[in-house]
Protein chains: 2
Amino acid sequence: MPSPSRGRRNRRSKGGEKAAPVAAPAYITRKIPEYEILGEEGLAIIEANADTILEETGIDFKDDPEALEMWKEAGASVDGQRVRFPKGMCRKIIQDNAPNQYTQHARNPAKSVEIGGKHTVLVPAYGSPFIRNLDEGRRYATIEDFRNFVKLAYMTPHLHHSGGTVCEPVDLPVNKRHFDMNYAHMKYSDKPFMGSVTAGERAQDTVDMCEILFGDNYIDEATGRPKTITTSLINANSPMSFDDTMLGALKVYAKNNQACIVSPFILAGAMSPVTVAGTSAQALAEALAGMAFAQLVNPGVPVIFGTFASSMSMASGAPTFGTPEPALVLNVMASLARRLGVPFRSGGGFCGAKVADAQAGYESSNSLWPAINAGVNFVLHTAGWMEGGLVMGYEKFIMDCDQAGMLATYAKGVDLSENGQAMDAIEEVGPGQHFLGCAHTQANFREAFYHSPINDNNSFEQWKEDGELDLAQRANAYYKKQLNEYELPAMDPAVDEALIEFMEKRKASFPDSNIA
Amino acid sequence: MPSPSRGRRNRRSKGGEKAAPVAAPAYITRKIPEYEILGEEGLAIIEANADTILEETGIDFKDDPEALEMWKEAGASVDGQRVRFPKGMCRKIIQDNAPNQYTQHARNPAKSVEIGGKHTVLVPAYGSPFIRNLDEGRRYATIEDFRNFVKLAYMTPHLHHSGGTVCEPVDLPVNKRHFDMNYAHMKYSDKPFMGSVTAGERAQDTVDMCEILFGDNYIDEATGRPKTITTSLINANSPMSFDDTMLGALKVYAKNNQACIVSPFILAGAMSPVTVAGTSAQALAEALAGMAFAQLVNPGVPVIFGTFASSMSMASGAPTFGTPEPALVLNVMASLARRLGVPFRSGGGFCGAKVADAQAGYESSNSLWPAINAGVNFVLHTAGWMEGGLVMGYEKFIMDCDQAGMLATYAKGVDLSENGQAMDAIEEVGPGQHFLGCAHTQANFREAFYHSPINDNNSFEQWKEDGELDLAQRANAYYKKQLNEYELPAMDPAVDEALIEFMEKRKASFPDSNIA
């Protein structure tokens, strides 16, 4: 726990004083039904198979004696690092304890998000060591890039979250960069964000910084527990194991009532069977074990059921994205999460494309559609993802944000109000006439259709006159304009100072290292 | 009716002797459920509104006294060219007569397609005056381009249909190009195709050429009616009118038992209200009137309920594609068609993009996903569409065919067989190991995942070594390779001669004209 800043933390964070550049709901509330590819029978088969995997094959909890002890106490069978679970045990632990929806608090309360149920939160891509833009091509990411993506995510009305490792700031020491990443999310945005997961103590630093950021507002008055300020990404080491790094971070977050996404990370064919049903059963087993473990650590802590599944080029072994099989896996897993009663994370603007070309467009859209139709609650990697996650693209980020806006419009569904039915317009206009000037069109046209700021729908002649730009070129101009127009959201200077002071003290307390 | 070739037509068409380059099912049979955005209540509201439009506002049948007479006789109220329909009348005519599914026959019986029900037929784009490729840019299309697209559609296993006006051969006289278009579909492909709709006599030429092509096989022995060999596109002149050109073609096709797609063609905001529910009610009313009319002409003739709806840039008035509102319209209309009990046409790889860039990818995918999820039966414009339909793109065609392949894989749904469940693989491999070498993977990997021939999923280094190509460049090489490798499907030389003879006679019988 940080101590030096106590006094300052009595002043509450004043995020929210300044309006965001574009007013928009803080998250999507879907008015469309969930699309379910499998029915009761198919889902029950997969659930039964997951139970069999948990009971017979088991899950490894590696290099974490505490975890093994906790499982033993809870009634699981522990053999070395292998844990086997009586049928239904993990499910019961989760259903007895985990909330089906929770609030992730932003320092600007207007930006807090609801995670679960009919809500969908769209989140930037995560984890790439490289960035790409048209001017520089592909290069290693820096903290400056990191800040840029935080700013761009802050400015778009179509992302609801600042994300986590929006890119790896490889110019900073591995063991200290989490401070600067956390600080960037806190300072340059007022949207919710994700915490560090690369070590237990880095998770603790994240929690401590959140406590400074929220000050007196850190503890929820109703529950007496810390507010959930971060949602962090805990990947399973598929197949069927969790390592001590991830478990260490999970334990810190869970103890502090911070949410974790427990995510099987699967390249089907390598880390799971090549089939959809096999991959789904395994991923369900892994997620059940991880989420139940979080409930053992702190009953009631929010957890998200995560799934990241890509298919594999059986020629080259490379992961492939925007392909049909992962779309099916996503759909099945979303149904399974709903049956379990926890929020679900998957989806994103995935692609294997090296540049922001048509492949990037097709593949990303192929990944986003299944996510919105399946009712994913937390869509990590919505914007910026390129080259299988190795690259965060500036132009790609802008394109994906535009898609995110379209998905939000789509998720509003069909307006069946009298105005939506528009029978007055049809009666007024009649056969063979046009609707452009009628009263209904005049009253509604401003809000009638989603407007893309970057897609070109002008005439060919106009497009030629505008320089024959492709989408990547238009997105390039757009992101630069955004960064030029960026304005810092207000923050209590005392909070800012306290955060900096905390970071400086902690950074000075141990030597730099680039060993992860 | 053509007479000179009677003798020759006794020899049956021998299409199908030569195997297609890639063996594949002739069409998709979806094993996934339909996604329905509106429930009973919402759909009933739209149906009631369509009934109100038909009864109170009415539909214009322009410059076609015969049509007006037929409506009067059927019990509609006719006032000038305006026809008003008692509530439920059109629906009853359709439900009493139109088939909910039909076979469109190909000269190669293995390529005949089922249209309706759980079946989906993917069809090339239609109607563009221009083509585009990387080498030449954008230019007017020719009959050579037309043949090229017929060949490419023939060669891909992912399109099930040769389409219709795959591009406008503007190098041929307007009033005679339908001969060459029909002949190209008949000669260079053995898949089913669409007929000419630009005049009643051109529709008759199409029917006559089909009769020559099928010879003794033209009449269905079971029914004594001509086989349905063409499915042709009859657009409504939205809002709420049909013109004599389209009605003329429809009557010829219907009389000859050839299928018509009755398609409201709507740019919402101009040709319909700006809302989804308003557009849907109007489109339903138009389609009901047109399909019922076809049943008056020939009870039992196959009809497809079509919808083409795009939204509009309210800034420039330009149509926009791949946007959320048309996705909603498509979904609603598919549900309405199912309730009516007729096959449904919509969707396609729509985009406004001028080049085959990321915009093209996003927008096309945004149009294809709603189509496959909503269960569209006849997906016109699946491949090649660019620039709002003005351009047929060579590279775009290849890209869209690849997407079509992915959709087919997706539509197979989840394999829940024992092999699909893959529990043996999970048991064999166990925690922390990999699945690459296990027996189940070895037995399944060849067929496990959809393989794209053009998307790049190699390492960055490999991609660099390969010349840093984007998708358009790879698709450029691919289509040229395809055209180089094209082989003509077998055709009885006597049939070929008869077709040519018929065309030459007909062409010589009236002067060239470029007035449409």
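Residues numbered from 1 in each chain as written. Chains lettered and ligands numbered in written order. Predicted model: local features only at pLDDT ≥ 70, side-chain atom pairs only at ≥ 80, totals over all residues. Heavy atoms only, no water.

### Some points on the interface of chain B and chain A
(1) Moving on: Each partner contributes residues to the interface: chain B has 109 residues there, and chain A has 109 residues.
(2) Moving on: Carbon and sulfur atoms make up 69% of the area that chain B and chain A hide from each other, which totals about 8,900 Å².
(3) Moving on: Along the contact surface separating chain B from chain A lie 2 salt bridges.
(4) Moving on: In this structure, Lys354 of chain A and Asp456 of chain B form a salt bridge, with 2.6 Å as the shortest nitrogen-oxygen distance.
(5) Moving on: If you look at where chain B meets chain A, you find 36 residue pairs in polar contact (both at pLDDT 80 or more).
(6) Moving on: Looking at the side of chain B that touches chain A element by element, the count peaks at 11 residues for helix 10 (residues 358–374) of chain B.
(7) Moving on: Its residues placed into classes, the side of chain B that touches chain A shows 51 nonpolar, 40 polar and 18 charged. (Contact = heavy atoms within 4.5 Å. Buried area = accessible area lost by both parts, 1.4 Å probe. Salt bridge = Lys/Arg side-chain N within 4 Å of Asp/Glu carboxyl O. Polar contact = N/O pair within 3.5 Å; in protein donor to acceptor, adjacent residues only side chain to side chain. Helix = DSSP H or I, 4+ residues; strand = E, 2+ residues; numbered from the N terminus. Nonpolar A, V, L, I, M, F, W, Y, C, P; charged D, E, K, R; others polar.)

### Quick look at the sheet that holds strand 19 (residues 391–393) of chain B
All names here are of chain B.
(1) Moving on: An order of 9-8-19-18 is seen for the 4 strands of this open sheet, with the pairing classed as mixed. Two strands close off the open sheet at either side, each with one partner strand: strand 9 (137–140) and strand 18 (385–386).
(2) Moving on: Where helix 11 (residues 394–411) meets the sheet, its contacts fall on strand 8 (130–133), strand 18 and strand 19, and the angle it forms with strand 19 comes to roughly 65 degrees. (Pairing = 2+ DSSP bridges. Axes fitted to C-alpha atoms, helices over the stretch in contact; angles between N-to-C directions.)

### Observations concerning the confidence of the model for chain A
(1) Moving on: With 96% of its residues at a pLDDT of 70 or more, chain A shows a mean pLDDT of 94.
(2) Moving on: We note a pTM of 0.95 for the whole complex and an ipTM of 0.94 for its interfaces. (pLDDT = per-residue confidence, 0-100.)

### Examining the sheet that holds strand 9 (residues 137–140) of chain A
Neighbouring strands of a sheet are bound in pairs by backbone hydrogen bonds; such pairs are parallel or else antiparallel.
Residues and elements named next belong to chain A.
(1) Moving on: Spatial ordering of the open sheet is given by 9-8-19-18, a layout of 4 strands whose pairing is mixed. The open sheet terminates on both sides in strands that have one partner only, identified here as strand 9 and strand 18 (385–386).
(2) Moving on: In this sheet, strand 9 lies alongside strand 8 (residues 130–133) in antiparallel orientation, the contact comprising 4 bridges. Bridge assignment links Asn133 to a residue of strand 9, and that residue is Gly137.

### What to know about the packing of helix 6 (residues 200–214) of chain B against helix 7 (residues 244–255) of chain B
All names here are of chain B.
(1) Moving on: Orientation of helix 6 relative to helix 7, taken along the N-to-C sense of each, is 25 degrees, at an axis distance of 7 Å. The orientation of helix 6 with respect to helix 7, classified from their angle, is roughly parallel. Seen along the crossing, helix 6 lies across helix 7 with a hand that is right-handed. The segment helix 6 lies against helix 7, with Gly200, Ala203, Gln204, Thr206 and Val207 engaging Gly248, Ala249, Val252 and Tyr253.
(2) Moving on: Tallied by class, residues from the contact of helix 6 with helix 7 come to 5 nonpolar, 4 polar and no charged. (Parallel < 35°, antiparallel > 145°, perpendicular 65-115°, else oblique. Left-handed = near helix turned anticlockwise from the far one by under 90°.)

### Side note on the pattern of salt bridges
(1) Moving on: For the structure shown, the criterion picks out 52 salt bridges over all chains.
(2) Moving on: With a closest N to O distance of 2.6 Å, Lys92 of chain B and Asp96 of chain B form a salt bridge. Of this pair, Lys92 of chain B and Asp96 of chain B both sit in helix 3 (residues 89–97), 4 residues apart, which is roughly one turn of the helix.
(3) Moving on: According to the relative accessible area criterion, Lys92 of chain B is exposed, its value standing at 52%.
(4) Moving on: Glu387 of chain B is paired through a salt bridge with Arg138 of chain B; the nearest N and O atoms lie 2.6 Å apart. Remark: Arg138 of chain B occurs in strand 9 and Glu387 of chain B occurs in the loop between strand 18 and strand 19; sequence separation between them is 249 residues. Of the two residues examined, Glu387 of chain B and Arg138 of chain B, each falls in the buried class.
(5) Moving on: Connected through shared salt-bridge partners, Glu40, Glu47, Arg91 and Arg339 of chain A make up one network. (Buried < 20%, exposed > 50% of the residue type's maximum accessible area, 1.4 Å probe, protein only.)

### A look at the layout of surface pockets
(1) Moving on: Within this model, the second largest pocket holds a volume of roughly 1,300 Å³.
(2) Moving on: For the second largest pocket, the lining is made up of 48 residues, of which Gly405, Thr409, Lys412, Glu447 and Tyr450 of chain A are closest to its centre.
(3) Moving on: Secondary-structure elements contributing two or more residues to the lining of the second largest pocket are strand 1 (28–29), helix 5 (143–155), helix 12 (394–411), helix 13 (418–421), helix 15 (439–448) and helix 17 (471–485) of chain A together with helix 9 (324–340) of chain B.
(4) Moving on: If you tally residues by element for the lining of the second largest pocket, the top one is helix 12 of chain A, at 9 residues.
(5) Moving on: Residue composition of the lining of the second largest pocket, by class: 27 nonpolar, 13 polar and 8 charged. (1 Å grid on protein atoms, 1.4 Å probe; cavity = no way out; pocket = protein on both sides within 12 Å on 5 of 7 lines; lining within 4 Å. Points joined across faces, edges and corners; volume = space filled by probe spheres on them.)

### Comments concerning the relation of the copies chain B and chain A
(1) Moving on: Relative to chain A, chain B is turned by 180 degrees and slid 0.0 Å along the rotation axis, the superposed coordinates differing by an RMSD of 0.0 Å. Seen this way, the second copy is the image of the first under a two-fold rotation axis. (Least-squares fit on C-alpha atoms with pLDDT ≥ 70 in both.)

### A look at the pairing of strand 10 (residues 231–236) of chain B
All names here are of chain B.
(1) Moving on: Here strand 10 lies mainly inside the structure; 6 of its 6 residues are buried.
(2) Moving on: A two-sided burial pattern is seen for strand 10, the buried positions comprising Thr231, Leu233 and Asn235 on one face and Ser232, Ile234 and Ala236 on the other.
(3) Moving on: The pairing of strand 10 with strand 12 (residues 259–267) spans 6 bridges and is classified as parallel. Bridge pairing in strand 12 links Ala236 to Pro264.

### Observations concerning the packing of aromatic side chains
(1) Moving on: Applying the stated criterion to the full structure yields 43 aromatic pairs over all chains.
(2) Moving on: Pairing Phe321 of chain B with Phe350 of chain B gives two aromatic rings, centres 5.9 Å apart and planes at 40 degrees, and the pair type is tilted. Of the two residues, Phe321 of chain B is situated in the loop between strand 15 (319–320) and helix 9 and Phe350 of chain B in the loop between strand 16 (344–345) and helix 10; the sequence distance between them amounts to 29 residues. Both residues of the pair, Phe321 of chain B and Phe350 of chain B, belong to the buried class.
(3) Moving on: Pairwise contacts between aromatic rings join Phe61, Trp71, Phe85, Phe242 and Phe293 of chain A into one cluster.
(4) Moving on: Here Arg138 of chain B stacks its cationic end above the ring of Phe460 of chain A, 3.7 Å away from the centre of that ring.
(5) Moving on: In this arrangement the basic side chain of Lys176 of chain B is found over the ring face of Phe510 of chain B, its NZ or CZ atom lying 5.0 Å from the centre. (Phe/Tyr/Trp six-rings, centres within 6.5 Å; stacked < 30°, edge-to-face > 60°. Lys NZ or Arg CZ within 6 Å of the ring centre and 35° of its normal.)

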